[in-house]
Amino acid sequence: MLLGDTCTRGCRFCAVKTSSTPAPPDPFEPFKTAEALSKWNISYVVLTSVDRDDMEDGIIHLSSLSISNRLLFEQEEHNTLHQLWN
């Protein structure tokens, strides 16, 4: 799960941990995720994240993830990356 393991919303149907003040995300997560995807021998991946309403710059973090992942993972012609952001 991207952006940590704790969501800020607490939806009743979801089993993800909830907190109004979760730990800050790893600033190197975009690079670590892209590096991991490039090393795995897979051609399809779906990435999703917790909601982080506490982050003013959350879209910047997700944009960095998106760019890094696409640059490394989709270098191979047949690789497909789906990113599900809340």
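For the structure, see preceding data.
Reading guide: rules and limits
- Residues numbered from 1 in each chain as written.
- Predicted model: local features only at pLDDT ≥ 70, side-chain atom pairs only at ≥ 80, totals over all residues.
- Heavy atoms only, no water.
- Helix = DSSP H or I, 4+ residues; strand = E, 2+ residues; numbered from the N terminus.
- Buried < 20%, exposed > 50% of the residue type's maximum accessible area, 1.4 Å probe, protein only.
- Polar contact = N/O pair within 3.5 Å; in protein donor to acceptor, adjacent residues only side chain to side chain.
- Contact = heavy atoms within 4.5 Å.
- Arc of directions from axis to C-beta.
- Salt bridge = Lys/Arg side-chain N within 4 Å of Asp/Glu carboxyl O.

K.L.:
When you look at the side chain of T8 in this model, what are you seeing that I'm missing?
P.N.:
In this structure, T8 sits in the loop between β1 (6-7) and β2 (17-18). Given the relative accessible area of 17%, T8 is considered buried. From its side chain, T8 meets the backbone nitrogen of D53 in a polar contact 2.9 Å long. Sequence-distant contacts of T8, that is, excluding residues within four places in its chain, are made with T18, S19, P22, D51, R52, D53 and D54.

K.L.:
Before we go on, may I ask you to explain helix α1 (residues 29-39) in this structure?
P.N.:
Among all positions of α1, only E29, P30, T33, A34 and L37 are buried. Projected onto a plane normal to the axis of α1, the buried residues spread over an arc of 125° and lie on a single side. In α1, the exposed residues that point more than 90 degrees away from the buried face are F31 and K39.

K.L.:
Looking at this model, I keep getting lost on the pattern of salt bridges. Mind explaining?
P.N.:
A side chain of one charge can pair with a side chain of the opposite charge if their charged atoms are brought near each other. Evaluation of the coordinates by the stated rule reveals six salt bridges. The residue D26 makes a salt bridge to K32 at a minimum N-O spacing of 2.6 Å. A salt bridge links R52 to D54; the nearest nitrogen and oxygen atoms lie 2.9 Å apart. Overlapping salt bridges bring together R9, D51 and D53 as one network.

K.L.:
What's the story with the environment of D51 in this structure? I'm lost.
P.N.:
Structurally, the position occupied by D51 is in the loop between β3 (44-48) and α2 (58-73). Looking at D51, its side chain comes within polar contact range of the side chain of R9, at 3.4 Å.

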